[in-house]
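So the chains spell out like this:
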Amino acid sequence: MVVLVTGANGQLGQAIQSISGNYPEIDFVFCDSSSLDITNLDTVNQVFVKVKPNYCINAAAYTAVDKAESEQDKAISINVIGAKNLAATCKENNTILLHVSTDFVFDGNKSTPYSEEDIPNPTGVYGQTKLDGEKAIQETFDKYYIIRTSWVYSQFANNFMKTMIRLGSERDSLSVVNDQIGTPTNAVDLAQALVKICLTTNHQPPTTNLYGIYNFSNEGQCSWYDFAKKIFEVNNITIDLSPIPTTSYPTPAKRPAYSVLDKSKIRKAFDLQINNWEDSLNK
């Protein structure tokens, strides 16, 4: 089985690379933006003709939430046009597409976990481009798995956990918002879930159709303040940490106040065991 992974240098791309050796039955082909620019349809076609992938995991994305407010064209180019290019090329080559989306497609006005049936209503450019990317895929091709995830962190690339560890070494005190509630997701856990989808569906009878939208994050919920507190605890960092409201930390993009995802659909469909966020952070 050949699995093409876009965005190889990003956080998720590196997480998939870190576990790829555990799956000798899969021939992974990793492409970064220089070897596969998803915004260029001709380039995408050329790579697919050469690689002949059975699956494509799209880990390429524009994820700078605040910057997206002023770089709308760039966000659209990667998150919408790029997604559409991959879907069109997957259709032409009969490749199954796994596309990673986000909790930011929701406005955060709920107080119970979001299911795949809830109506998206993004509050910023980033969330809107990710939703438009989902729609572009759905309008182009029907063999897709769209995986919405949240608060992704890992030992790779830039993320909240690494920022907290760096700040913990530089400062004596820190303030972190405590009124945005969600679930941290270890990128390696997400990577393993994506690979499990490939392996499960590769041996599926043609009559079974599991295509569609799924939620995946770790289990449990917390605020960014709770997450930071746990990061410092796990790494034995002593710092004076204070909770603050979102209003005290204004950002260009509005964040969902609540974005916990309901994972029951993906658990059932692919027989997934999902770790609690604290257990994954400890690992």
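It should be noted that the structure appears before, not after, this text.
Residues numbered from 1 in each chain as written. Predicted model: local features only at pLDDT ≥ 70, side-chain atom pairs only at ≥ 80, totals over all residues. Heavy atoms only, no water.

Here we take up the packing of helix H2 (residues 41–51) against helix H3 (residues 72–93). Orientation of H2 relative to H3, taken along the N-to-C sense of each, is 35 degrees, at an axis distance of 10 Å. In this structure, the crossing between H2 and H3 has a hand that is right-handed. In this structure, H2 contributes Leu41, Val44, Asn45 and Phe48 to the contact, and H3 contributes Asn85, Leu86, Thr89, Cys90, Glu92 and Asn93. Residues that form the contact of H2 with H3 fall into these classes: five nonpolar, four polar and one charged. (Axes fitted to C-alpha atoms, helices over the stretch in contact; angles between N-to-C directions. Helix = DSSP H or I, 4+ residues; strand = E, 2+ residues; numbered from the N terminus. Left-handed = near helix turned anticlockwise from the far one by under 90°. Contact = heavy atoms within 4.5 Å. Nonpolar A, V, L, I, M, F, W, Y, C, P; charged D, E, K, R; others polar.)

As summarised here, the arrangement of the six strands in space is E2-E1-E3-E4-E5-E10, forming an open sheet in which the pairing is parallel. If you trace the sheet from one side to the other, it starts and ends with strand E2 (27–30) and strand E10 (212–215), each paired once. For this sheet, the mean inter-axis angle between neighbouring strands, taken without regard to orientation, is 20 degrees. Examined bridge by bridge, strand E5 (residues 144–149) and E10 share four bridges and lie parallel to one another. Within E10, the residue paired with Ile147 across the bridge is Tyr214. Taken strand by strand, helix H1 (residues 11–19) contacts strand E1 (2–6), E2, strand E3 (55–58) and strand E4 (96–102), and its axis lies near 150 degrees from that of E2. (Pairing = 2+ DSSP bridges.)

Three or four residues apart is the spacing at which side chains of an α-helix point the same way, because the helix has 3.6 residues per turn. Looking at helix H5 (residues 160–170), one finds that the buried residues are Phe160, Met161, Met164, Leu167 and Gly168. End-on view of H5: buried residues confined to an arc of 130 degrees, all on one side of the axis. In H5, the exposed residues that point more than 90 degrees away from the buried face are Ser169 and Glu170. If you follow the buried residues of H5, they end up packed against strand E6 (152–153), strand E7 (173–177), helix H7 (224–234) and helix H9 (277–282). (Buried < 20%, exposed > 50% of the residue type's maximum accessible area, 1.4 Å probe, protein only. Arc of directions from axis to C-beta.)

A few words on the packing of H3 against helix H4 (residues 125–140). For the pair H3 and H4, interaxial distance at closest approach is 8 Å and the crossing angle is 15 degrees. In terms of axis orientation, H3 runs roughly parallel to H4. In this structure, the crossing between H3 and H4 has a hand that is right-handed. Judged by residue contacts, Gln72, Ala75, Ile76, Asn79, Val80, Ala83, Lys84, Ala87, Ala88 and Lys91 of H3 engage Val125, Tyr126, Thr129, Lys130, Asp132, Gly133, Ala136, Ile137 and Thr140 from H4. In terms of residue class, the contact of H3 with H4 is built from ten nonpolar, five polar and four charged. (Parallel < 35°, antiparallel > 145°, perpendicular 65-115°, else oblique.)

The next subject is the nonpolar core. Leu98, Tyr145, Ile147, Leu194 and Ile266 are the most contacted members of the largest nonpolar core, which totals 34 residues. Counting only elements with at least two residues in this core, the list comes to E1, H1, E3, E4, E5, helix H6 (187–202) and helix H8 (264–270). No other element matches H6, which puts nine residues into this core. Once residues lying within four places of it in the same chain are set aside, the contact partners of Tyr145 are Ile96, Leu97, Leu98, His99, Ile197, Thr201, Gln204, Leu210, Tyr211, Gly212, Tyr214 and Phe270. The next biggest cluster of nonpolar side chains, apart from the first, holds 22 residues, and it includes Met161, Leu174, Val176 and Leu281. (Core = buried A, V, L, I, M, F, W, Y, C linked by side-chain atoms within 4.5 Å.)

Let us look at the pattern of salt bridges. Counted according to the given criterion, the structure contains eight salt bridges. In this structure, Arg255 engages Asp66 in a salt bridge whose closest nitrogen and oxygen atoms are separated by 2.6 Å. One end of the pair, Arg255, is in the loop between strand E12 (240–244) and H8; the other, Asp66, is in the loop between E3 and H3, with 189 residues separating them in the sequence. Residue Arg255 is classed as partly exposed on the basis of its relative accessible area, which comes to 25%. Salt-bridge contacts for Glu219 lead to Lys263; the nearest nitrogen and oxygen are separated by 3.7 Å. With Glu219 in the loop between E10 and strand E11 (222–223) and Lys263 in the loop between E12 and H8, the pair connects residues that are 44 residues apart, well separated along the chain. Here the salt bridges do not stand alone but share partners, grouping Glu219, Lys263 and Arg267 into one network. (Salt bridge = Lys/Arg side-chain N within 4 Å of Asp/Glu carboxyl O.)

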